[in-house]
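Coordinate inspection notes
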Amino acid sequence: NAGVTQTPKFQVLKTGQSMTLQCAQDMNHNSMYWYRQDPGMGLRLIYYSASEGTTDKGEVPNGYNVSRLNKREFSLRLESAAPSQTSVYFCASSELGRRYNSNQPQHFGDGTRLSIL
Amino acid sequence: KQEVTQIPAALSVPEGENLVLNCSFTDSAIYNLQWFRQDPGKGLTSLLLIQSSQREQTSGRLNASLDKSSGRSTLYIAASQPGDSATYLCAVKFGANNLFFGTGTRLTVIP
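Residues numbered from 1 in each chain as written. Chains lettered and ligands numbered in written order. Predicted model: local features only at pLDDT ≥ 70, side-chain atom pairs only at ≥ 80, totals over all residues. Heavy atoms only, no water.

1. Some thoughts on the interface of chain B and chain A
Taken together, the contact pairs 22 residues of chain B with 24 residues of chain A. When the two sides are added together, the surface that chain B and chain A hide from each other amounts to roughly 1800 Å², 51% of it contributed by carbon and sulfur. Where chain B packs against chain A, one counts 0 salt bridges. In this structure, the connection of chain B to chain A is made through 2 residue pairs in polar contact (both at pLDDT 80 or more). A per-class count over the side of chain B that touches chain A returns 9 nonpolar, 11 polar and 2 charged. (Contact = heavy atoms within 4.5 Å. Buried area = accessible area lost by both parts, 1.4 Å probe. Salt bridge = Lys/Arg side-chain N within 4 Å of Asp/Glu carboxyl O. Polar contact = N/O pair within 3.5 Å; in protein donor to acceptor, adjacent residues only side chain to side chain. Nonpolar A, V, L, I, M, F, W, Y, C, P; charged D, E, K, R; others polar.)

2. Structural notes on the sheet that holds strand 8 (residues 74–78) of chain A
Note on sheets: strands pair through backbone hydrogen bonds, and any given pair is parallel or antiparallel. Residues and elements named next belong to chain A. Spatial strand order, 1-3-8-7: 4 strands in an open sheet with antiparallel pairing. The sheet terminates laterally at strand 1 (4–7) and strand 7 (65–68), the two strands that pair on one side only. For this sheet the average axis-to-axis angle between neighbouring strands, irrespective of direction, equals 15 degrees. Note that strand 1 and strand 3 (residues 19–25) share 4 bridges and pair antiparallel. Note that in strand 3 the partner of T5 across the bridge is A24. (Pairing = 2+ DSSP bridges. Helix = DSSP H or I, 4+ residues; strand = E, 2+ residues; numbered from the N terminus. Axes fitted to C-alpha atoms, helices over the stretch in contact; angles between N-to-C directions.)

3. Considering the state of the cysteines
Residues and elements named next belong to chain B. Within the structure shown, the criterion is met by 2 disulfides over all chains. Between the sulfur of C23 and that of C90 lies a disulfide, 2.0 Å long from S to S. Taking the sign of the S-S torsion, about -60 degrees here, the bridge from C23 to C90 comes out left-handed. In this pair, C23 is assigned in strand 3 (residues 19–25) and C90 in strand 9 (residues 86–93), connecting sequence segments 67 residues apart. There is no split in this pair, since C23 and C90 are both buried. (Disulfide = S-S within 2.5 Å. Buried < 20%, exposed > 50% of the residue type's maximum accessible area, 1.4 Å probe, protein only.)

4. Focus on unusual backbone geometry
Note that the residue after T7 of chain A, namely P8 of chain A, is joined by a cis bond; omega there is -5 degrees. Within the secondary structure, P8 of chain A is located in the loop between strand 1 and strand 2 (10–13). Here the bond from I7 of chain B into P8 of chain B is cis, since omega is 5 degrees, no more than 30 degrees from zero. Mapped onto the elements of the fold, P8 of chain B is located in the loop between strand 1 (4–7) and strand 2 (10–14). One non-glycine residue, N28 of chain A, lies in positive phi territory at about 60 degrees. Within the secondary structure, N28 of chain A is located in the loop between strand 3 and strand 4 (31–38). Among the residues examined, N28 of chain A registers a relative accessible area of 52% and is labelled exposed. One non-glycine residue with positive phi stands out, namely A79 of chain B, at about 45 degrees. Under the relative-accessibility criterion, A79 of chain B is labelled partly exposed at 38%.

5. Digging into the nonpolar core
If you look at soluble globular proteins, the nonpolar side chains tend to sit buried side by side. By size, the foremost hydrophobic cluster in this structure holds 24 residues, and its most contacted members are V4, F25, L33, W35, L75, I77 and V92 of chain B. When contributions to this core are tallied by element, the ones reaching two or more residues are strand 3, strand 4 (32–38), strand 5 (44–51), strand 7 (62–67), strand 8 (72–77), strand 9 and strand 11 (105–110) of chain B. Setting aside anything within four residues of it in sequence, one finds L75 of chain B in contact with L19, V20, L21, W35, L47, L48, L62, N63, A64 and Y88 of chain B. Of all hydrophobic cores here, the second largest spans 20 residues; its members include L13, L21, Y64 and F74 of chain A. (Core = buried A, V, L, I, M, F, W, Y, C linked by side-chain atoms within 4.5 Å.)

6. Some points on the pattern of salt bridges
The full count for this structure, using the stated rule, is 5 salt bridges over all chains. Between E79 of chain A and R77 of chain A there is a salt bridge, and its shortest N-O distance comes to 3.1 Å. On the accessibility criterion, R77 of chain A (29% relative accessible area) is partly exposed. Between R61 of chain B and D84 of chain B there is a salt bridge; the shortest N-O distance is 2.8 Å.

Set out below in structure tokens:
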């Protein structure tokens, strides 16, 4: 019963390098999300995918791109990493509720700890 | 601006004590409110979700209440145990898809 799986768990990058964070869920959920968690700021939504084939910006999308590869997988890409993107990144998924996913709990992966030097 | 606030940032209690964690939010027009638990180095585990039409939800020793008019929610933990030590996060869904998180309360239950 894996739930939401994120890879890698840790990564160190140099400024300007690119990287893709992977996320997969095995709960047949329609919606998937990417958050970042920074000290003293709580989790903030980067991008989400309400259903397969759609993606939308969240609160802090600048510097990131996403791909909803299929129903299971949702990847987050940093094209040119910056020190300000040092953070812990969480992927989450949820079932689609009757009113556009409004009433279903989100399930989280264990996170990717990313440091950019 | 939609904000979620959790006070205190940290709390220590002796084992066996009942405790209340607080969450406040700025907009009463919410879809739902969710309480999570986060252990160090781990992801978030959903504890309770309260729909906007509900006043409370219970799961075992946990009880969460919601008062939309005052913009507040509380998480009540009965008979606390050392295993309850973790950071507790409150998250509010103001829009159709965006979940806003508080910064959490770090709970330590002392044996």
